[in-house]
Amino acid sequence: MAKTDEQTGQTAGQTGQAGQSARAETTLGYEQARDELVEVVRRLEAGGTSLEESLALWERGEELAKVCRHWLEGARARLDAALADDEDAKGAEGAEEAESAGQG
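Residues numbered from 1 in each chain as written. Predicted model: local features only at pLDDT ≥ 70, side-chain atom pairs only at ≥ 80, totals over all residues. Heavy atoms only, no water.

Visitor: Any chance you could explain the overall build of the protein chain here in plain terms?
Guide: When its secondary structure is counted, the protein chain shows four helices and zero strands. Starting at the N terminus and walking to the C terminus, you meet the elements of the protein chain as α-α-α-α. Sequence-distant contacts in the protein chain: of pairs separated by 6 or more residues, those separated by 24 or more amount to 65%. As displayed, the protein chain offers around 8,100 Å² of accessible surface, 53% of which is attributable to carbon and sulfur atoms. (Helix = DSSP H or I, 4+ residues; strand = E, 2+ residues; numbered from the N terminus. Contact = heavy atoms within 4.5 Å. Areas by Shrake-Rupley, 256 points an atom, 1.4 Å probe, with all protein chains shown as cover.)

This is the structure:
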């Protein structure tokens with residue numbers, strides 16, 4: 001027997017938010033997520049929102065921060081790979097020069 005949202009303690013909004021979060025990670029670019037996160041923080045710092053709205057903003061901010069972190073980790077991995085390729089190329093080039101000098 002399948003559990004309903006009520007039985008699991010989740011609201012329809014919570015189950016929908018999980019799907020939204022997964023989609024947000026694949027559709028939002030870094031700059032979009034960062035800009036929206038800045039706006040969320042601004043609204044939270046300004047105050048004047050209900051507790052429910054503040055919690056929703058906080059949760060959205062956490063999702064956006066996760067998206068930004070995902071993009072930054074991907075960028076770091078690409079940089080590390082490029083640097084490793086560059087070092088490998090320099091190492092191979094140095095080995096070829098040493099070999100050529102030995103044959104002279």
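Moving on, there is more to tell.
Visitor: Sorry, what's going on with the pattern of salt bridges here?
Guide: Where charged atoms from two side chains of opposite charge approach closely, those side chains can pair. Overall, the coordinates contain seven salt bridges when judged by the stated rule. When the shortest N-O distance is used, the salt bridge between Arg60 and Glu63 registers 3.1 Å. Of this pair, Arg60 and Glu63 both sit in helix α4 (residues 51-103), separated by three residues, roughly a single helical turn. Looking at Arg60, the relative accessible area reads 23%, which means it is partly exposed. The exposure class of Glu63 is buried, given its relative accessible area of 17%. In this structure, Asp86 and Lys90 form a salt bridge, with 3.7 Å as the shortest nitrogen-oxygen distance. Here Lys90 and Asp86 lie together in helix α4, a separation of four residues that amounts to about one turn. Residues joined by salt bridges that share partners form a network here, namely Glu36, Arg60 and Glu63. (Salt bridge = Lys/Arg side-chain N within 4 Å of Asp/Glu carboxyl O. Buried < 20%, exposed > 50% of the residue type's maximum accessible area, 1.4 Å probe, protein only.)

Visitor: Could you clarify how one ought to interpret a negative patch on the surface in this entry?
Guide: Taken together, the side chains of Glu93, Glu96, Glu97 and Glu99 define an acidic patch exposed on the protein surface. Glu99 gets classed as exposed once you look at its relative accessible area, which sits at 54%. (Patch = residues over 30% accessible without salt bridge, like charges linked within 9 Å, V, L, I, M, F, W, Y side chains within 5 Å. Lys, Arg positive; Asp, Glu negative; His and termini not counted. Charge placed at Lys NZ, Arg CZ, Asp CG, Glu CD.)

Visitor: Sorry if this is basic, but what is going on with the confidence of the model for the protein chain here?
Guide: Reading fine detail from the predicted coordinates is not recommended where pLDDT is low. On average, residues of the protein chain carry a pLDDT of 80, and 72% of them reach 70 or more. Within the protein chain, the lowest mean pLDDT, 40, falls on helix α1 (residues 5-8), and the highest, 97, falls on helix α3 (residues 30-46). Low pLDDT (under 50) marks residues 1-15, which in the prediction has nine contacts with non-local residues, meaning those over four places away or in another chain. (pLDDT = per-residue confidence, 0-100.)

Visitor: When you look at the nonpolar core in this model, what are you seeing that I'm missing?
Guide: Looking at soluble globular proteins, one finds that nonpolar side chains tend to be buried together. Counting seven residues, the largest nonpolar core consists of Leu28, Ala33, Val40, Leu57, Leu64, Val67 and Cys68. For this core, the secondary structure elements donating two or more residues are α3 and α4. Here the element with the most residues in this core is α4; it accounts for four residues. Beyond its immediate sequence surroundings of up to four residues, Leu28 is in contact with Ala33, Glu36, Arg60, Leu64, Val67 and Trp71. (Core = buried A, V, L, I, M, F, W, Y, C linked by side-chain atoms within 4.5 Å.)

Visitor: Can you help me understand α3 in this one?
Guide: Along an α-helix, residues three or four apart share an orientation, since each turn contains 3.6 residues. The end-to-end C-alpha separation of α3 is 24 Å, in line with the 24 Å expected for 17 residues at 1.5 Å each. Gly47 sits one or two positions beyond α3 and adopts a positive phi of about 75 degrees. (Expected span 1.5 Å × (residues − 1).)

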